[in-house]
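Residue-level listing of the chains:
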Amino acid sequence: MTKFHYIGKPIKRLDGFDKVTGTAKFMQDMEVPGMLTGKILYSPHAHARIKRIITDKAERVPGVAAVVTHNDLPPGIDEISGLEPGMVLPPTAVPPYLFRGWGLQPDAIVRCMGSPVAAVAANTEEAATEALGLIEVEYEPLPAVFDAEEALKPGAPQLYPDVPGNIVFDWKQEMGNVENGFKEADLVFEEVGETQPQSHLTPDTRGAIAWWEGERLVICTATMSAYPSLLPAMAAAFKLPESKVKIYGPPYMGGSYGGRAFNEACFVLVAVLLARKAGRPVRVKLTREEDMLALTRCSTRLHAKIGVKRDGTITAVEYRAFLNPGPWFYPPWVNRYFTHLFKVIKCDNIKARATLAPTNIPFSGGPFRGFAYMEAFLVAQPILKRISQQLGIDYLKLLQQSFWRTGDKVPNGPGRYSVLSSSGIDEAIEKGRQLIDWDGPTGPDEYIGAGYCLPGSAQFPSNVILRLNRDGSIQLETGVIEIGAGQYTTLTYMAAEAIGAPPEVINMTRSFDTETQPWDGGQRSERTTYSTGLAIVEAAKELRQKIFNVASKKLGAKADELELEEGVVFVKADPAKKMPLSAVGLPIVATGAFVPDPERPWASGPVVSFVRVTVDKETGQVTPTKLVILNDVGRAINPPVVHTQNMGTLSAGIGYALTEEVIWDSDGRVLNANPQFYHTPTILDVPDFHSEIIEPVDQIGPFGAKGAGEKVLTPTALAISAAVYNALKTNVNTPITPDKLLKALRKTE
Amino acid sequence: MKPFQHVNASTTDEAASLLHKSRGKAKLIAGGTDLLGILTDDILPAYPRTLVNLKTIPGLDSIKEDSKGLRIGALAKLSDIAGHPVIKDRYPMIARAAGSVAMPQVRNMGTIGGNLCQDNRCWYYRYPNHLGGRLICLRKGGTICYTLTRDNRLDSIFGGPEGCFAVCPSDIATSLVAMGATVTTTRRAVALQDFFTPSPGTILDADEILTEIQVPRPREGSRSAYLKFRLRKSIDFAMVNVACVLTVEGGLCREASIVLGAVAPTPWRAKGAEDVLRGRLVDDAAAEEAGQIALANATPLTMNKYKVAIARVLVKRAILASA
Amino acid sequence: MKQRTSRRPTVNLVINGNPQVLEVGVEVQPWHTLNYTLREVLSLKGTKVGCSHGGCGSCTVLREGKPILSCTTLTIECNGASIMTIEGLRDTSVMTAGGMRGTTTGNLHPLQQAFIDNYAFECGMCTSGMILSAEALLNSNPDPTEDDIKEALSGNLCRCGVYPNIVKAVHEAAKVKKND
């Protein structure tokens, strides 16, 4: 085994000091001299045409510098595609128009309650609020639709004239021969399930400061995809070259969980328009309630049908999925959902059809810590439970049929496969089985469940620059922002390891800056350690080579005879001949890139959760009492941080399974946009917890590392749902709240 | 928040007089944990011109016990009540109920008077003005109660006499009513259960102030239990709460007081359940029957039948816990 | 300190041990929350804004040693109060610019050190409030049980969910404080 100098052992986080002293700067702490406060006016209707909007009175409020409406939008904004490099669209899809659905709309139609209608910039919040109250809007309410399946029916309200039938895409594909597969089956099971929208509830709400310097646009915002999404969107909106748009982030992001991705452009645009009209910097900072309306996890409905032989062999799987993203239709990330349908249950014969239909529910359709896998599996799982029950097959054995192992060709997009580089699944299952005491006794009203996930991972490029300073210290320049998962620490230590220099002399740039720092695919889909890490490894090679070229003259040896360890360059054959990095004496710059390659094996780590829950069948309350997470991360660069990711994502998984749901009513009104009524787990709601890291040898990722973070939500929610199935012998849609559980009990009794 | 003026009152008379003179344009502020949320979201058609601060009135936060029982000033903080040695010892249910409110920080700010006078938590009533406009529901002088035809999962299972189906959200009210508490205002003294009205929530006139809560000494040998059902173990309001005081002698129930909270616009006394327990052996069967009777007259709405089931079980469990 | 010529009412606060006199109508308006005053007037940005409704605990500060929510507290009602924010926890008296004597960072409070040592944060937005709730606990209960810790922190949401590490950190800090 390779011996590492810096990684693979507990590393104190480099962001620790800033965070425990309150000196860490988040978006809410960012200020620009002379900035105004921007406030947004929202629609009271789920679907309506703005007939008239009068802003005169608002403009006359003392302190108001600008009022913007849809009339201030740059032309063509609704035709801007947000397609990112490497993303594949379904064949018949409408392009992913980034600015449609939420935000000011050029056709003056609001398509969900809580979509912006106008905005004000003023020198105080009080003046801005007063002005908002003076904007007169006359609406013509239009019929609204809130369900994707309903939206597809003839006569349903239409959301966009160029999206006939409300079909953004209707994607069908068959692998193998499903008809024959069902013929081979002894038994066929069906299930319909729904998954709810979850609020990211990021501790810091969305915010942006924007201003113009002539024809140069500057934006400060905490986004997880500045380069692939926000930058091209803003450049296209204002017909500027990307080089004339500077987007930078605060040093730290106050939580993301998928909620700071593609859609950022929609609300950043409001700040940019206000800044342009006011001629001053404008800060728009959403309140908690506004933020909760500005994006949620996508809600789905899935019909699943599975054929099985008496020995448990699955012969055919058929899915029919409806995705409800609200009025927004940004399908690229939904590809994942379709991809996962071919992956959650391993079978030669799979047919899937997924339809994405915009509706007038509040802005949904967002990614969220491993979206898609769980959504699909939550519906397939009860079928597996029924098979296990009816055929008397141990559930774990049945589940194992669907595990992907090292070298497997995993379906990864339509007609595409990726070879799985390594898998520690069998070790994970075996350990977990023991830790939860799978075959052991259960207490009264106690039930055990297990869940599994092989996550997707987004394949986007990353670039890094390494700069050797004359004193021997090193700058690591990336486009990465610390979202909380320890990115600054992990990448700094990986750079130290790859270069052969102590981490103490390396400084990683804090946050992204599209003007000065290299392109990065964003902090999402567990890609940073892997993709940016690989770019660091490559840059380190170049830096070492350049250092050796200089040092060879000074040490009187050939460059390839030199080694660099712990900041000292030395001759391999004669280590006494050495010099510190500071003796190189020249500033040196090296670059590295990660470019996704579909031919390259796919480094993805499976993760398993085991849970024990008690089910109070009188009140309908479910309480997790013990949780075990086993996470294959390849190589853990900083093991304690992997454990923190495990416990953190697990908490969101408990929330998803049991309590978290953005609730809207028959008018499309969100009722619980407030953490008092949006029930994310408190410290008293998280049970006894055991976290294990599984580290199979992997040759693909940097130092063998794979992603670690978001995937834990999925198996945790699945395991809880499975345990409740065991209690009720029937499926309950998440969140499994007392009302639903008691209803299900009444039905089964 | 939109602007307002702020006055520190030094006596209750002064505060009452300020309310009177303002003709409805002034509001009282105690702990502020409810009021400031209401003002931030600007949910009411009338925004106050002035806030009158009660925290500056000396002595209004005292907690005393005399021969008759406990006397709690309306400004006593929930955390002081929950941690008070006499209350913990002799009125444990009140300490538990006060300690179950929201979260530690809120209990360090919120007062008992504020908890009793807090406005309801109906999602429609509370819909923030800045998310597209507040809703003028029946309770605010409008013509409809939104919950009836929309989402009513958290609302009353015992009707809405004034047409509003929002429940009384107070945790501490349930336990105090079960203990037979009385309250004093600047104008009158009444039993706590008569202090509450379906809408607007309390009997308080616009210029009347709640000043003190009195709790009679529990009967010799009585035991009590307070159960709060909620999704999370902290922060959440009750979906249902139950307070039960039983006096059991020689195995038989002599006296019973059972009150349910968050099930009706005011704290809901389960008289039928109390009657069925009196003179009986308190066992599973009796508790079960009392639970059934307590909910027999429930009239749940379209989405809150589950609250009936939970309330029934909580009544049973509270009885068994205090037997 | 600046000369006061007007006779406007003032709000007198002691923040992290430092007296602050704020003029009503100038630095403080009646509707300003303590959270606003700390962050926007006094530039103490370590206190965070989470929900402004008393639902998350991000804005927690200590008032007379007890955790309260700065988002639902009016500054004007804090006259005479002693407030502690996260900025008041670190001992900065030992700081020297060159680091020749003392340190450049100041001495961290045992809770701050324990939060670093136990990986008791991820994004860090809840950390200020979490540490202050824990500080209030340790001052009133130097030897808390796990249940005491959880109860004391039950009004501080950590959306990143690292609760188990937070409990460990508070335990460890309690030990360190006791041995001091």
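All values derive from a computational prediction rather than experimental measurement.

**Looking at the overall build of chain A**
Line of reasoning, step 1. Looking only at helices and strands, chain A features 17 helices and 28 strands.
Line of reasoning, step 2. Here chain A has a C-alpha radius of gyration of 27 Å; the compact-globule value for 749 residues is 27 Å, and the two agree.
Line of reasoning, step 3. Oriented by its inertia axes, the alpha-carbon framework of chain A measures out at about 85 × 75 × 45 Å.
Line of reasoning, step 4. Every one of the 749 residues in chain A was classed for burial, and the buried ones make up 68%.
Line of reasoning, step 5. Counting only contacts in chain A whose residues sit at least 6 apart along the sequence, the fraction spanning at least 24 positions is 80%.
Line of reasoning, step 6. Carbon and sulfur atoms make up 51% of the accessible area of chain A, which amounts to about 23,800 Å² in all.

**Looking at the overall build of chain C**
Line of reasoning, step 1. Scanning chain C from N- to C-terminus turns up five helices and five strands.
Line of reasoning, step 2. Along the longest, intermediate and shortest principal axes, the C-alpha atoms of chain C span 50 × 45 × 30 Å.
Line of reasoning, step 3. Counting every position in chain C, which comprises 180 residues, the buried fraction comes to 58%.
Line of reasoning, step 4. Restricting to contacts in chain C with at least 6 residues of sequence separation, those with at least 24 account for 52%.

**Some words on helix α3 (residues 125-132) of chain A**
Residue and element names in this part refer to chain A.
Line of reasoning, step 1. Every buried residue of α3 is listed here: A127, A128, A131 and L132. All buried residues of α3 fall inside an arc of 135° around its axis, so they share one side.
Line of reasoning, step 2. Looking at the packing, one finds that the buried side of α3 touches β1 (36-42), α2 (56-59), β3 (64-69) and β5 (116-122).

**Looking at the interface of chain C and chain A**
Line of reasoning, step 1. Listed per partner, the contact involves 43 residues of chain C and 59 residues of chain A.
Line of reasoning, step 2. Carbon and sulfur atoms supply 60% of the area that chain C and chain A bury against each other, a total of about 4,100 Å² over both sides.
Line of reasoning, step 3. Looking at the side of chain C facing chain A, the largest losses of area belong to Y119, E122 and R159 of chain C, adding up to 23% of the total buried there.
Line of reasoning, step 4. The tally of links from chain C across to chain A stands at five salt bridges.
Line of reasoning, step 5. Between R39 of chain C and D29 of chain A there is a salt bridge, with its nearest N and O atoms 2.8 Å apart.
Line of reasoning, step 6. Inspection of the chain C/chain A interface yields 21 residue pairs in polar contact (both at pLDDT 80 or more).
Line of reasoning, step 7. Every element with two or more residues in the side of chain C that touches chain A is listed here: α1 (34-41), α2 (110-117), α3 (127-140), α4 (146-152) and α5 (163-179) of chain C.
Line of reasoning, step 8. Split into classes, the residues belonging to the side of chain C that touches chain A amount to 19 nonpolar, 14 polar and ten charged.

**Some thoughts on the interface of chain A and chain B**
Line of reasoning, step 1. Taken residue by residue, the interface counts 38 residues in chain A and 34 residues in chain B.
Line of reasoning, step 2. When the two sides are added together, the surface that chain A and chain B hide from each other amounts to roughly 3,200 Å², 60% of it contributed by carbon and sulfur.
Line of reasoning, step 3. Applying the counting criterion to the chain A and chain B interface returns four salt bridges.
Line of reasoning, step 4. For the side of chain A that touches chain B, the per-class residue count stands at 14 nonpolar, 13 polar and eleven charged.

**Looking at the environment of V480 of chain A**
Residue and element names in this part refer to chain A.
Line of reasoning, step 1. Among the secondary structure elements, V480 is positioned in the loop between β20 (474-477) and α13 (487-499).
Line of reasoning, step 2. A relative accessible area of 0% means that V480 is categorised as buried.
Line of reasoning, step 3. Remark: the alpha-carbon pair of V480 and T528, spanning 48 residues in sequence, is separated by 7.8 Å.
Line of reasoning, step 4. Among residues more than four places away in sequence, those in contact with V480 are Q487, Y488, L491, M508, T509, S511, F512, D520, Q523, T528 and T532.

**Notes on the pairing of strand β12 (residues 282-285) of chain A**
Residues and elements named next belong to chain A.
Line of reasoning, step 1. Taken together, the three bridges between β1 and β12 define a ladder with parallel strand orientation. Paired with L36 across the two strands is V282, which belongs to β12.
Line of reasoning, step 2. With four bridges joining them, strand β9 (residues 207-213) and β12 adopt antiparallel strand pairing. Note on β12: the bridge partner recorded for G207 is K285.

**Considerations on the side chain of R669 of chain A**
Line of reasoning, step 1. In this fold, R669 of chain A is placed in the loop between α15 (639-658) and β28 (688-694).
Line of reasoning, step 2. The buried charged residue R669 of chain A lacks any salt bridge partner; its closest oppositely charged side chain belongs to D665 of chain A, at an N-O distance of 4.6 Å.

**A short note on a positive patch on the surface**
Line of reasoning, step 1. The grouping of K743, R746 and K747 of chain A together with K305 of chain B at the surface amounts to a positive patch.
Line of reasoning, step 2. With three residues, the top contributor of residues to the positive patch is helix α17 (residues 738-748) of chain A.
Line of reasoning, step 3. In this fold, K747 of chain A is placed in helix α17.

**Topic: the packing of aromatic side chains**
The way to describe two aromatic rings as a pair is by their centre distance and the angle between their planes.
Line of reasoning, step 1. Under the definition given, this model contains 23 aromatic pairs over all chains.
Line of reasoning, step 2. Relative to F363 of chain A, the ring of W328 of chain A lies with its centre 5.0 Å away and its plane at 50°, an arrangement referred to as tilted. You can see W328 of chain A sitting in the loop between β14 (314-324) and α9 (335-341) and its partner F363 of chain A sitting in the loop between β15 (350-356) and α10 (373-391), a full 35 residues away along the chain. Of the two residues, W328 of chain A and F363 of chain A, neither departs from the other in class, the shared state being buried.
Line of reasoning, step 3. When the centroid spacing of 6.5 Å and the interplanar angle of 35° are considered together, the rings of F4 of chain B and Y47 of chain B count as tilted. Placement of the pair is F4 of chain B in the segment before β1 (5-8) and Y47 of chain B in the loop between α2 (35-41) and β3 (50-53), with a sequence separation of 43 residues. Accessibility classification places F4 of chain B together with Y47 of chain B in one group, the buried group.
Line of reasoning, step 4. Clustering of aromatic rings is evident, with ring pairs tying together F169, W171, F338 and F342 of chain A.

**Remarks on the pairing of strand β2 (residues 18-23) of chain C**
Residues and elements named next belong to chain C.
Line of reasoning, step 1. As paired elements, strand β1 (residues 10-15) and β2 share six bridges and run antiparallel to each other. Its bridge partner lying in β2, I15 is registered against N18.
Line of reasoning, step 2. Hairpin connection from β1 to β2: two residues lie between these consecutive antiparallel strands, with N16 at a positive phi of about 50°.

**Considerations on unusual backbone geometry**
Line of reasoning, step 1. That bond from T734 of chain A to P735 of chain A is cis: its omega, -10°, falls within 30 degrees of zero.
Line of reasoning, step 2. Summarising the element assignment, P735 of chain A is placed in the loop between α16 (713-728) and α17.
Line of reasoning, step 3. Cis geometry is found at the peptide bond from S199 of chain B to P200 of chain B, where omega equals 15°.
Line of reasoning, step 4. Within the fold, P200 of chain B resides in the loop between α10 (192-195) and β8 (210-216).
Line of reasoning, step 5. We note that R369 of chain A has phi near 25°; this positive angle belongs to a residue other than glycine.
Line of reasoning, step 6. Taking relative accessible area as the criterion, R369 of chain A reaches 8% and is therefore assigned buried.

**As for the packing of α15 of chain A against α16 of chain A**
Residue and element names in this part refer to chain A.
Line of reasoning, step 1. Where α15 meets α16, the closest approach of the two axes is 8 Å, and the angle between their N-to-C directions is 40°. Viewed along their axes, α15 and α16 adopt a mutual orientation that is oblique. Pair α15 / α16 crosses with right-handed handedness. Facing α15, whose interface residues are T649, L650, A652, G653, I654, Y656, A657 and L658, α16 presents L713, T716, A717 and I720.

**Remarks on the sheet that holds strand β10 (residues 240-249) of chain B**
Residue and element names in this part refer to chain B.
Line of reasoning, step 1. Reading across the sheet, the four strands line up as β9-β10-β11-β12 and stay open at both edges, with antiparallel pairing between neighbours. Of all strands in the sheet, those bounded by a partner on one side alone are β9 (222-229) and β12 (268-269).
Line of reasoning, step 2. Here two bridges tie strand β11 (residues 252-261) to β12, and the two strands are oriented antiparallel to one another. The residue of β12 that forms the bridge with L260 is W268.
Line of reasoning, step 3. Contacts from helix α13 (residues 305-322) reach β9, β10 and β11 within the one sheet, and its direction differs from that of β10 by about 30°.

**Quick word on the domain arrangement of chain A**
Residues and elements named next belong to chain A.
Line of reasoning, step 1. Split into domains, chain A comes out as domain 1 (16-24 + 460-594) and domain 2 (403-453 + 600-748).
Line of reasoning, step 2. The gap between the C-alpha centroids of domain 1 and domain 2 is 36 Å.
Line of reasoning, step 3. Taken together, the 13 residues of domain 1 in the interface contact 17 residues of domain 2.
Line of reasoning, step 4. Between domain 1 and domain 2, the buried area comes to about 1,200 Å², and carbon and sulfur atoms account for 70% of it.
Line of reasoning, step 5. For the domain 1 face of the interface with domain 2, the top three residues by lost area are M494, E526 and Y530, together amounting to 48%.
Line of reasoning, step 6. Between domain 1 and domain 2 we count two residue pairs in polar contact (both at pLDDT 80 or more) in total.

**Here's the deal with the pattern of salt bridges**
Line of reasoning, step 1. Tallied over the full model, the rule gives 83 salt bridges over all chains.
Line of reasoning, step 2. Of the charged contacts in the structure, one is a salt bridge between K39 of chain A and E125 of chain A, with a shortest N-O distance of 3.7 Å. Note that K39 of chain A is positioned in strand β1 and E125 of chain A in helix α3, a separation of 86 residues in sequence.
Line of reasoning, step 3. Here K39 of chain A falls in the buried class, since its relative accessible area comes to 14%.
Line of reasoning, step 4. R280 of chain B serves as the salt-bridge partner of E289 of chain B, at 2.7 Å between the closest nitrogen and oxygen.

Analysis parameters
- Residues numbered from 1 in each chain as written.
- Chains lettered and ligands numbered in written order.
- Predicted model: local features only at pLDDT ≥ 70, side-chain atom pairs only at ≥ 80, totals over all residues.
- Heavy atoms only, no water.
- Helix = DSSP H or I, 4+ residues; strand = E, 2+ residues; numbered from the N terminus.
- Rg over C-alpha atoms; globule rule 2.2 N^0.38 Å.
- Buried < 20%, exposed > 50% of the residue type's maximum accessible area, 1.4 Å probe, protein only.
- Contact = heavy atoms within 4.5 Å.
- Areas by Shrake-Rupley, 256 points an atom, 1.4 Å probe, with all protein chains shown as cover.
- Arc of directions from axis to C-beta.
- Buried area = accessible area lost by both parts, 1.4 Å probe.
- Salt bridge = Lys/Arg side-chain N within 4 Å of Asp/Glu carboxyl O.
- Polar contact = N/O pair within 3.5 Å; in protein donor to acceptor, adjacent residues only side chain to side chain.
- Nonpolar A, V, L, I, M, F, W, Y, C, P; charged D, E, K, R; others polar.
- Pairing = 2+ DSSP bridges.
- Lys, Arg positive; Asp, Glu negative; His and termini not counted.
- Patch = residues over 30% accessible without salt bridge, like charges linked within 9 Å, V, L, I, M, F, W, Y side chains within 5 Å.
- Charge placed at Lys NZ, Arg CZ, Asp CG, Glu CD.
- Phe/Tyr/Trp six-rings, centres within 6.5 Å; stacked < 30°, edge-to-face > 60°.
- Axes fitted to C-alpha atoms, helices over the stretch in contact; angles between N-to-C directions.
- Parallel < 35°, antiparallel > 145°, perpendicular 65-115°, else oblique.
- Left-handed = near helix turned anticlockwise from the far one by under 90°.
- Domains from an automatic or database assignment.

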